[in-house]
Amino acid sequence: MKFPSETENELYTDLERVLHSEDEIQIRVRELGKQISEDYAGKPLVLISILKGGIVFLADLMRSITIPHAFDLMGASSYKGTTRSSGKVIITKDAELDLRGKHVLLVEDILDTGITLNVICELLKIQDPLSLEICCLLNKCRDRTVSIPLRYTGFEIPDEFVVGYGLDYREHYRNLSCIGVLKPEVYSA
Ligand code: PRP
């Protein structure tokens, strides 16, 4: 039995338009997994994803990576049921693995203001990993006060509020298989 398609999800009707379909995402994730497998071959690799939004991407990406690696999870939140960052990142969970002597690849769903990744990177640097890079599925095209270099990017997207594939609005829409722009009436109601 297959997973339901993106259009079978009743939340699909709340989308103004689809930015990246399930098929496009799956193809891109496999490309990223192949590239990461080549780049980190023979190296001790730890993927770290950020709860909650990053876990859907992590689950697919790690199965597209063909070299041994560990993974860990951190928790961070800054949007709290709104479409704009509060500017304050609350760390809800720290990583558990010892990262010394490891190459760390952060696996994140979206780079928006950059505030979350900036805080997470500073925390991880304290553990002095061999390297610290970022693989981000969505890079929102917008001005930022902080510069966040991405080693791997899935898609560049416009500056609009998007949901699906892990990304939420008030905790819903994470289980959409595609990524889309939410109808404004959904969050202005
Ligand atoms: C979202 C997303 C990223 C972050 C990106 O998380 O999953 O972690 O915002 O935004 P930024 O670049 O402006 O910091 P959110 O705070 O909504 O928590 P969630 O993942 O639990 O939904």
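See the structure above.
This report concerns the structure included in the present document. Source: prediction; values computed, not measured.

### Considering the packing of aromatic side chains
The tally for this structure, following the rule as stated, stands at three aromatic pairs. Between phenylalanine 161 and tyrosine 169, the aromatic rings sit 6.0 Å apart at their centres with planes inclined by 85°, giving edge-to-face as the arrangement. For phenylalanine 161, a relative accessible area of 13% translates into the label buried. Each ring, one from phenylalanine 161 and one from tyrosine 187, has its centre 5.9 Å from the other, and the planes form 70°; the classification is edge-to-face. A residue pair is termed long-range when its members are at least 10 positions apart, and phenylalanine 161 in the loop between β7 (152–157) and β8 (162–163) and tyrosine 187 in helix α4 (residues 184–188) qualify at 26 residues. Among the aromatic side chains, those forming a connected cluster through ring pairs are Phe161, Tyr169 and Tyr187.

### Let's talk about the nonpolar core
The biggest cluster of nonpolar side chains holds 27 residues, and the ones touching the most others in it are Ile36, Phe57, Leu61, Leu138 and Val162. When contributions to this core are tallied by element, the ones reaching two or more residues are α1 (22–39), β2 (45–51), α2 (55–64), β5 (103–111), β6 (131–140), β7 and β9 (179–182). In terms of residue count, the dominant contributor to this core is α1 (four residues). Setting aside its immediate chain neighbours within four residues, phenylalanine 57 contacts Val29, Leu32, Val107, Glu108, Cys135, Cys136, Leu137 and Tyr165. By size, the runner-up hydrophobic cluster in this structure holds 19 residues, among which are Ala76, Leu117, Cys121 and Ile148.

### With respect to the pairing of strand β3 (residues 70–77)
Bridge count for β2 against β3 is six bridges, and the pairing is parallel. Residue serine 49 lies in a different strand from β3, and its bridge partner there is leucine 73. Viewed along the sheet, the connection from β2 through α2 into β3 turns out right-handed. Direction of pairing for β3 relative to strand β4 (residues 90–93): antiparallel, over a ladder of three bridges. Of the residues in β4, the one forming a bridge with glycine 75 is lysine 93.

The rules behind each value
- Residues numbered from 1 in each chain as written.
- Predicted model: local features only at pLDDT ≥ 70, side-chain atom pairs only at ≥ 80, totals over all residues.
- Heavy atoms only, no water.
- Phe/Tyr/Trp six-rings, centres within 6.5 Å; stacked < 30°, edge-to-face > 60°.
- Buried < 20%, exposed > 50% of the residue type's maximum accessible area, 1.4 Å probe, protein only.
- Helix = DSSP H or I, 4+ residues; strand = E, 2+ residues; numbered from the N terminus.
- Core = buried A, V, L, I, M, F, W, Y, C linked by side-chain atoms within 4.5 Å.
- Contact = heavy atoms within 4.5 Å.
- Pairing = 2+ DSSP bridges.
- Right-handed = clockwise from strand over helix to strand, strands pointing away.

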